[in-house]
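Notes for the structure review
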Amino acid sequence: MKVVKCKFCGAPIVWIKTQNGRSMPCDANAVQYANTHGGKDVVVTPEGKVVRVSVIKGGGILTPIPDGEGYISHFATCTHANEARKPKPADSTTTTPPERKPAPTYPDPDTGDYYADLYEAAEAAEGG
């Protein structure tokens, strides 16, 4: 895997394609994990599977046997993760309002032949 720098914090990261086809930035250092019930950590396997596990931290007397190796999402550790999540601003700052059409007008029912005027207005609107 190619290691690159995060453009927000400068930390080394790798990009892993997840099983749903999206690329996810992950910390470059792989961690070992144990499949435990109710694991509190989320890692991405090199195959792109996102799993909930317990990351094994060294230094204990009873260290669990690792079930695999994966990567922690960089969104969990990046100091500028909120900047990375913000949507990019739109290209155009000026937006044109939608076109407003005038409200339809109808003949006054108290003057003239109301239904004949409606019929003429409908024919005019159809272009006939």
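For the structure given in this document, a descriptive report is provided here.

1. Regarding the overall build of the protein
A tally of regular secondary structure across the protein gives two helices and seven strands. Reading the protein from its N terminus to its C terminus gives the helix and strand order β-β-β-β-β-β-β-α-α. A buried classification covers 22% of the 128 residues belonging to the protein. Put simply, 45% of the contacts in the protein that link residues at least 6 apart link residues at least 24 apart.

2. Quick notes on the layout of surface pockets
Looking at the largest pocket, its volume works out to about 460 Å³. Looking at the largest pocket, it is lined by 20 residues, and the ones nearest its centre are Phe8, Trp15, Pro25, Phe75 and Ala84. At the level of elements, strand E2 (12–17), strand E3 (23–27) and helix H1 (81–85) are the ones that each hand at least two residues to the lining of the largest pocket. Here the residues of the lining of the largest pocket sort into ten nonpolar, four polar and six charged.

3. Some points on the sheet that holds strand E6 (residues 50–55)
Strand order around the closed barrel formed by four strands is E4-E6-E5-E7, with antiparallel pairing between neighbours. Averaged over all neighbouring strand pairs, the angle between strand axes comes to 70 degrees, with direction disregarded. Where strand E5 (residues 41–44) lies against E6, four bridges are found, and the strand directions are antiparallel. Among the inter-strand pairings, Val43 is bridged to a residue of E6, identified as Val51.

4. What about the side chain of Asp41?
Position of Asp41 relative to the elements: it lies in strand E5. Within polar-contact distance, the side chain of Asp41 engages the backbone nitrogen of Val55 at 2.8 Å. Those residues in contact with Asp41, other than ones at most four positions away along the chain, are Val51, Arg52, Val53, Ser54 and Val55.

5. Considerations on the sheet that holds E3
Taking strand neighbours across the sheet as the criterion, the three strands line up as E1-E2-E3 in an open arrangement whose pairing is antiparallel. Where the open sheet ends on each side, the last strands, each with one partner, are strand E1 (4–5) and E3. Note: E2 against E3, five bridges, orientation antiparallel. Residue pairing for E3: Lys17 is matched across the bridge by Ser23.

So, how was this worked out
Numbering of residues starts from 1 in every chain and runs along the sequence as written. Under the rules for a predicted model, residues below a pLDDT of 70 receive no local features and side-chain atom pairs below 80 are neither given nor counted, while totals for whole chains, interfaces and linings still include all residues. Side-chain metrics rest on all non-hydrogen atoms present in the structure, leaving aside hydrogens and water. A run of H or I in DSSP counts as a helix once it spans at least four residues, and a run of E counts as a strand once it spans at least two, with each numbered from the N terminus. Residue burial is assigned from relative accessible area. The probe radius is 1.4 Å, only protein chains are included, and a residue is buried under 20% of its type maximum, exposed over 50%, and partly exposed in between. Contacts are residue-level and defined by heavy atoms, with any inter-residue pair within 4.5 Å sufficient. Only protein atoms enter the calculation, which uses a 1 Å grid: trapped sets of points that fit a 1.4 Å probe without letting it out are cavities, open sets showing protein on both sides within 12 Å along at least five of seven lines are pockets, and any residue with an atom within 4 Å of a point is a lining residue. Grid points are joined across faces, edges and corners, and a volume is the space filled by probe spheres set on the points. Three classes are used, and their members are as follows: Ala, Val, Leu, Ile, Met, Phe, Trp, Tyr, Cys and Pro are nonpolar, Asp, Glu, Lys and Arg are charged, and the others, Gly among them, are polar. Between any two strands, pairing holds if DSSP finds at least two bridges. In this description, a line fitted to the C-alpha atoms serves as the axis of each element, helices being fitted only across the stretch in contact, and the angle between N-to-C directions of two axes falls anywhere from 0 to 180 degrees. Polar contact is the term for a pair of N or O atoms within 3.5 Å; when the atoms are in protein, one must be able to donate a hydrogen and the other to accept it, and sequence-neighboring residues count only if both atoms are side-chain atoms.

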